[in-house]
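Okay, here's what each chain looks like letter by letter:
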Amino acid sequence: MEKNEIEQRVVKVVCEVLGVTPEMVKPDSNFVFDLGAESTQSVQLVAAFEEEFDIEMDSEEALAVETVGAAVDFIEKYVNKN
Amino acid sequence: MSRPSKPHPLVEVDEPNLLEDTFDYSLPPLIRFDGPIVEYIDGQPVQFDPKELASRDIHITDTTFRDGQQACPPYSVDQMVHIYDLMARLGGPNGVVRQTEFFLYTKNDREALDRCRALGHDYPQCTGWIRADKGDFRLVKAAGLNETGMLTSCSDYHIFYKLKSDRKRILERYCQVVDAAFEAGVRPRCHLEDVTRADIDGFVLPFVDRLMEMSEQVPEHLTVKIRLCDTMGFGISYPGVELPRSIPKLIYKLRHECGVPADRLEWHGHNDFHKVHVNGATAWLYGCDAVNTTLFGFGERTGNPPMEAAVFEYIALKGDLCGIDTTAITELADYMRSIGLPIPANYPFVGRHFNTTRAGIHAGGLRQDERIYNIFDTTALLGRPPRVAITDKSGADGVALWVNEFFGLKGDERVNKIKVHALARWVLDQYEVNGRLTAISDEELEAKARELLPELWQKYKGSTQA
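Worth saying up front: this structure is predicted, and the values here are computed from it rather than measured.

1. A few points about the overall build of chain B
Consideration 1: Check the secondary structure of chain B and you find 16 helices and 12 strands.
Consideration 2: Along the longest, intermediate and shortest principal axes, the C-alpha atoms of chain B span 80 × 70 × 40 Å.
Consideration 3: Going through the 466 residues of chain B one by one, you find that 42% of them count as buried.
Consideration 4: A separation of at least 24 residues holds for 69% of the contacts in chain B among residues at least 6 apart in sequence.

2. Examining helix H1 (residues 77–91) of chain B
Residues and elements named next belong to chain B.
Consideration 1: Helix length check: H1, at 15 residues, gives a terminal C-alpha distance of 21 Å against a target of 21 Å (1.5 Å per residue), a fit within 8%.
Consideration 2: Listed in full, the buried residues belonging to H1 are Met-80, Ile-83, Tyr-84, Met-87, Ala-88, Leu-90 and Gly-91. Buried residues along H1 cover an arc of 155° about the axis, so they all sit on one side.
Consideration 3: Packing partners of the buried residues in H1 comprise strand E3 (59–62), strand E4 (97–103), helix H2 (107–118), helix H9 (307–318) and helix H10 (327–338).
Consideration 4: Looking one or two places after H1, you find Gly-92, whose phi comes out positive at around 75°.

3. Quick look at the packing of H1(B) against H10(B)
Residues and elements named next belong to chain B.
Consideration 1: Between H1 and H10, whose axes approach to 9 Å, the crossing angle comes to 165°. It follows that H1 is roughly antiparallel to H10 by the angle criterion. In this structure, the crossing between H1 and H10 has a hand that is left-handed. Contact residues: H1 offers His-82, Ile-83, Leu-86, Arg-89 and Leu-90, while H10 offers Ala-328, Ile-329, Glu-331, Leu-332 and Tyr-335.
Consideration 2: Class assignment for the residues of the contact of H1 with H10 results in seven nonpolar, one polar and two charged.

4. Remarks on the sheet that holds strand E5 (residues 125–130) of chain B
Think of a sheet as strands paired side by side through backbone hydrogen bonds, with each pair either parallel or antiparallel.
Residue and element names in this part refer to chain B.
Consideration 1: Spatial strand order, E3-E4-E5-E6-E7-E8-E9-E10: eight strands in a closed barrel with parallel pairing. Neighbour-to-neighbour, the strand axes of this sheet turn through a mean angle of 30°, independent of strand direction.
Consideration 2: Pairing of E3 with E4, which is carried by three bridges, proceeds in the parallel orientation. Looking across to E4, one finds that Asp-62 is bridged to Thr-100.

5. Structural notes on the interface of chain B and chain A
Consideration 1: The interface of chain B with chain A comprises nine residues on the first partner and eight residues on the second.
Consideration 2: Sorting elements by how many residues they give to the side of chain B that touches chain A places helix H14 (residues 421–432) of chain B first, with four residues.
Consideration 3: Among the residues forming the side of chain B that touches chain A, the class breakdown is four nonpolar, three polar and two charged.

6. Quick word on the pairing of E5(B)
Residue and element names in this part refer to chain B.
Consideration 1: Most of E5 is tucked away: five of the six residues are buried.
Consideration 2: Pairing analysis gives five bridges linking E4 to E5, with the strands arranged parallel. Bridge pairing links Gln-99 to Gln-125 in E5.
Consideration 3: Handedness of the β-α-β unit built from E4, H2 and E5 comes out right-handed.
Consideration 4: Direction of pairing for E5 relative to strand E6 (residues 147–151): parallel, over a ladder of three bridges. Within E6, the residue paired with Gly-128 across the bridge is Thr-148.
Consideration 5: As for the winding sense of the linkage, the β-α-β connection from E5 through helix H3 (residues 137–142) to E6 is right-handed.

7. Description of the domain arrangement of chain B
All names here are of chain B.
Consideration 1: One can read the domain layout of chain B as domain 1 (37–338) and domain 2 (356–461).
Consideration 2: Its C-alpha centre places domain 1 at a distance of 44 Å from the equivalent point of domain 2.
Consideration 3: Each partner contributes to the interface: domain 1 provides four residues, whereas domain 2 provides four residues.
Consideration 4: Each residue belonging to the side of domain 1 that touches domain 2 can be placed in one class, and the counts come to one nonpolar, three polar and no charged.

8. Focus on the nonpolar core
Consideration 1: Counting 88 residues, the largest nonpolar core has Val204(B), Ile226(B), Val311(B) and Ile329(B) as the members making the most contacts within it.
Consideration 2: The biggest single contributor to this core is H9(B), with eight residues.
Consideration 3: Of the residues that make up this core, three or more belong to each of domain 1 (37–338) and domain 2 (356–461) of chain B.
Consideration 4: Beyond its immediate sequence surroundings of up to four residues, Ile329(B) is in contact with Leu90(B), Glu308(B), Val311(B), Phe349(B), Val350(B) and Leu382(B).
Consideration 5: By size, the runner-up hydrophobic cluster in this structure holds 42 residues, among which are Val46(A), Phe49(A), Val420(B) and Leu423(B).

9. Let's talk about unusual backbone geometry
Residue and element names in this part refer to chain B.
Consideration 1: Residue Pro-124 follows Tyr-123 across a cis peptide bond; omega there is -5°.
Consideration 2: Tracing the chain through its elements places Pro-124 in the loop between H2 and E5.
Consideration 3: Of note, the amide linkage connecting Leu-243 to Pro-244 takes the cis form, showing an omega dihedral of 10°.
Consideration 4: By secondary structure assignment, the location of Pro-244 is in the loop between strand E8 (225–229) and helix H7 (247–257).

10. Some thoughts on the environment of Asp392(B)
Residue and element names in this part refer to chain B.
Consideration 1: Structurally, Asp-392 is set in the loop between strand E12 (387–388) and helix H13 (395–407).
Consideration 2: According to the C-beta neighbour criterion, Asp-392 is partly exposed, with 18 such atoms within 10 Å.
Consideration 3: Sequence spacing of Asp-392 and Met-80 is 312 residues, and the spatial spacing of their C-alpha atoms is 43 Å.
Consideration 4: Excluding residues within four positions of it along the chain, Asp-392 makes contact with Leu-428 and Tyr-431.

11. A few points about H13(B)
All names here are of chain B.
Consideration 1: Between its first and last C-alpha atoms H13 spans 19 Å; for 13 residues at 1.5 Å apiece the expected length is 18 Å, and the two agree.
Consideration 2: Summarising burial for H13: 10 of the 13 residues are buried, a large majority.
Consideration 3: Restricting attention to buried positions, one finds in H13 the residues Gly-395, Ala-396, Asp-397, Gly-398, Val-399, Ala-400, Leu-401, Trp-402, Val-403 and Asn-404.
Consideration 4: Once H13 ends, the next one or two residues include Gly-408, with phi positive near 65°.

12. Comments concerning the pairing of strand E1 (residues 37–41) of chain B
Residue and element names in this part refer to chain B.
Consideration 1: Two elements, E1 and strand E2 (residues 44–48), share five bridges in a ladder whose sense is antiparallel. Each bridged residue has a counterpart across the sheet, and for Ile-41 the counterpart in E2 is Gln-44.
Consideration 2: Hairpin geometry of E1 and E2 is characterised by an intervening segment of two residues between the two adjacent antiparallel strands and by a positive phi of about 50° at Asp-42.

What counts and how
Residues numbered from 1 in each chain as written. Chains lettered and ligands numbered in written order. Predicted model: local features only at pLDDT ≥ 70, side-chain atom pairs only at ≥ 80, totals over all residues. Helix = DSSP H or I, 4+ residues; strand = E, 2+ residues; numbered from the N terminus. Buried ≥ 20, exposed ≤ 12 C-beta atoms within 10 Å, placed from the backbone. Contact = placed C-beta atoms within 7 Å. Expected span 1.5 Å × (residues − 1). Arc of directions from axis to C-beta. Axes fitted to C-alpha atoms, helices over the stretch in contact; angles between N-to-C directions. Parallel < 35°, antiparallel > 145°, perpendicular 65-115°, else oblique. Left-handed = near helix turned anticlockwise from the far one by under 90°. Nonpolar A, V, L, I, M, F, W, Y, C, P; charged D, E, K, R; others polar. Pairing = 2+ DSSP bridges. Right-handed = clockwise from strand over helix to strand, strands pointing away. Domains from an automatic or database assignment. Core = buried A, V, L, I, M, F, W, Y, C linked by C-beta atoms within 7 Å.

Written as structure tokens, this is what we have:
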């Protein structure tokens, strides 16, 4: 999958789960400090990424990801693993 | 500020040091001593060696059917027999729960005693409890008991104001009753009522001296036992406290000045100052072999030393289960609740929430390794796995732990918090959206788990149809 497509789908999921607009979601946006993700929303985000990309991520590592750009890189590893 | 005299460099390790000599998860944490205890008695230092506990025949006695019944509606005969049967299983074949005492005054008292004995258990041995009245020994003999407790109040509060007597007359009266016990072939156990508020040198020690002299005239199996009754919970465990409140000094004086052997000394406490369990353990520590208890501490006013706490203390001191079946504690608690005796939810070992954690960060720890927030292997020892109560503080970790426990998931089957995100969201919404203020019950979570975790439900519970 192209990285560009991953980015678009990540932004879509972030907007749905956190209730923010696409304009607010930048590669260096921090999920907690910039986008207001609370603890349970972080868990929801990981679950939503897994569903969107049909992947299963290491939960502790996934929850440690802090920014949108880092999330795209992290997901890309799983999506393009095979 | 002066520099510290001893440096404490950090010791880095490759493997965690879990201090498992003490915190062996399969047992309650062991109580290990690294030296003697020193108490000043009559101005002189006296050493007590707590390591003696490992070899001494310390044990537990019970008064659930006597003091315990003074605090609640009377048990039926069937109830007493069932409780006795479970108590025998708890104490095991080595008699860690050695004796239990019965009233003898009513037909029901005597029927309960007969039916308990008919079960054929070696332990707890059945003994009686009577007033210090010579005529009452007929009841003891008729019941075929070898030992009975008898009330021998010893503070001036009791002697002067309750019994309307004086020290000399009351001492003679008590001794006449002890003589009557000897004549009846019954071992008397003198309950030194209100001893922690008594004049130790002026009455208690002279009385015990007399009892020891009288005991020299009878066979060993009839010699007087002494129960130290901390009737109002005034006893204190700390070294340095003065008599009559000092438990160490009281036991020392009876042992070493009056010559009462450890196996004829018993401690009976009350919980008026929240000291009841530690005071009982202190009595063991300083040379008294028996600690008198009741199940779940039910007893007059604030209650007595809880038997289940004494059982865990015993294991912690001995370092071994010694034949004790701790799972009987949970069955006893369930039974007590079923017959209408409430046990607070936060009550140690048996309360509904005794090993339930509420904070999400604690639940996260439990999820990783239950030893982090569980006192010992409560699943093995009590049949009670650690649990989480779900509130707004539980977090997704707490919800995941609840789900794993609810579905009974082990090892690789266990789900992480990502898998339960929908249920975690629902929980948080109860508080943030709906303004809820109470914990969420298991029943509510079960219904939501059926709805929001259908795959798990199908796999482990079958149909999702309610």
